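# Secondary and tertiary structure notes
Spelled out from the first residue to the last, the chains are:
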Amino acid sequence: MDKDSMWYSLNQFWHETVVDFVDRILPEGQLLNSTAHQWATAIAIFVAGFMFLPAIKGIIRLRVKAIADRRDENCWSHGLVKMVAATRFWFLVMLSLFLATLALSLPRRGVEFNRSAIIVALVLQAAIWMNALIKFGMERYIKLRAEDASAITTAKAIAFLVRCALWAVALLMVLSNLGVDVTTLVASLGVGGIAVALAAQNILGDLFASLSIVMDKPFVLGDFIIVGDMMGTVQHIGLKTTRVQSLSGEQLVFPNSDLLSSRIRNFKRMQERRIVFTIGVTYQTPSEQVKAIPDMLKTAVEAQNDVRFDRAHFKSYGDSALLYETVYYVMKPDYNLYMDIQQKINYHLLDKFTDENIEFAYPTQTVFAEVVTQPPNTD
């Protein structure tokens, strides 16, 4: 059978089955200004689109994924894979319906409804595509800046704001295509927004404080901070509150506006730790040993690693001790390292003072009593 005879057979089958069936069920041979042949064609286009568009999506996804797999995992081609995968089934159905209606001679209102429906579907699907791309971009940025907590905090905040703007624009476009007066709506929202702002000053204050924290970065995720008499590690920076894991285990929740109005001590950004400690020896210590103690303190500090000695002095005469003050710097901010170093210094001084018979002072009081004797009574 040649091609002409094959085409003739298919055309004859088409008219004897689909077209004739549609013609019999249509009232007066037409529906919505479209003939049976047009409706049959529209049905065929819809069925073909319903069957082949998901398959085409799968093929495109596999081709793009094959290209992306040959490149680095942070390459933007992986973002295209996520975009293709984000194509929704309902969008493919709507696209099939739109293509099918092109074969019909619909009335003007039908054409306008068809156009509005496909535009709304395209806008929503485009927003979903962009949302997937933004999510991939944020994940990519976080992987590239894995050790920069400040950059991660900023990226998450900016991604959230971009998503809000994206869906706001998509919503306005959808409403505009549905015949809603967007200009009037935006003006009404502006007036209503003022009323809402007055009623929600605290919430908006925390929201803007959150943006200030993200942009100014007084602290970021993972920082150890002290606010007043409370301290802990920053776990989450939200739109209204910041959550801190305290040393004792419980979670502390701070309103963002309170944090901005407080004095925050950020220990994570400490480059080195300045240490000041004081010891006292008894007043009975000989003068030669009193003068030698600063050198002993210096030797004890300089014997440690990761420290920089600053000074050691006979500071003052205390109530019950001769007081010495020593200052040194630990070159790393780790608190456990500081405690290990201070412990070694204390051991060193204990051994040295024991060898030199120098006594550490402790609170003592000496009471001097004067005994007065009465002369005997001669009367």
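Here's what I pulled together on the structure shown here. (Residues numbered from 1 in each chain as written. Predicted model: local features only at pLDDT ≥ 70, side-chain atom pairs only at ≥ 80, totals over all residues. Heavy atoms only, no water.)

### Concerning the sheet that holds strand 7 (residues 264-266)
One open sheet holds the five strands; their spatial order is 6-5-4-3-7, and the pairing between them is antiparallel. The sheet is open, and its two edges are formed by strand 6 (251-255) and strand 7, each paired on a single side. Neighbour to neighbour, the strand axes of the sheet diverge by 40 degrees on average, direction disregarded. When strand 3 (residues 224-227) meets strand 4 (residues 230-237), the two strands line up antiparallel, connected through four bridges. Bridge assignment links I226 to a residue of strand 4, and that residue is M231. (Pairing = 2+ DSSP bridges. Helix = DSSP H or I, 4+ residues; strand = E, 2+ residues; numbered from the N terminus. Axes fitted to C-alpha atoms, helices over the stretch in contact; angles between N-to-C directions.)

### Describing the nonpolar core
Residues I293, L297, Y324, Y328, I345 and F353 are the most contacted members of the largest nonpolar core, which totals 22 residues. Elements represented by at least two residues in this core include exactly strand 8 (273-281), helix 10 (287-302), strand 9 (307-317), strand 10 (322-330) and helix 11 (335-356). Looking at this core element by element, the count peaks at six residues for helix 10. Ignoring anything within four residues of it in the chain, the contact list for Y324 reads F277, T278, I279, V281, V290, I293, P294, L297, H313, F314 and K315. Core analysis: the second largest hydrophobic core is formed by 10 residues, F219, I225, V227 and V244 among them. (Core = buried A, V, L, I, M, F, W, Y, C linked by side-chain atoms within 4.5 Å. Buried < 20%, exposed > 50% of the residue type's maximum accessible area, 1.4 Å probe, protein only. Contact = heavy atoms within 4.5 Å.)

### Points about the pattern of salt bridges
Where charged atoms from two side chains of opposite charge come close, those side chains can pair. Scanning the entire structure with this criterion turns up five salt bridges. When the shortest N-O distance is used, the salt bridge between E325 and K315 registers 3.4 Å. Linking E325 in strand 10 with K315 in strand 9, this pair joins segments that are 10 residues apart in sequence. With a shortest N-O distance of 3.8 Å, K352 and E356 are connected by a salt bridge. Within this pair, K352 and its partner E356 are both found in helix 11, separated by four residues, close to a single helical turn. Within this structure, R311, K315 and E325 form a network of salt bridges that share partners. (Salt bridge = Lys/Arg side-chain N within 4 Å of Asp/Glu carboxyl O.)

So yeah, pure geometry; function would need other evidence.
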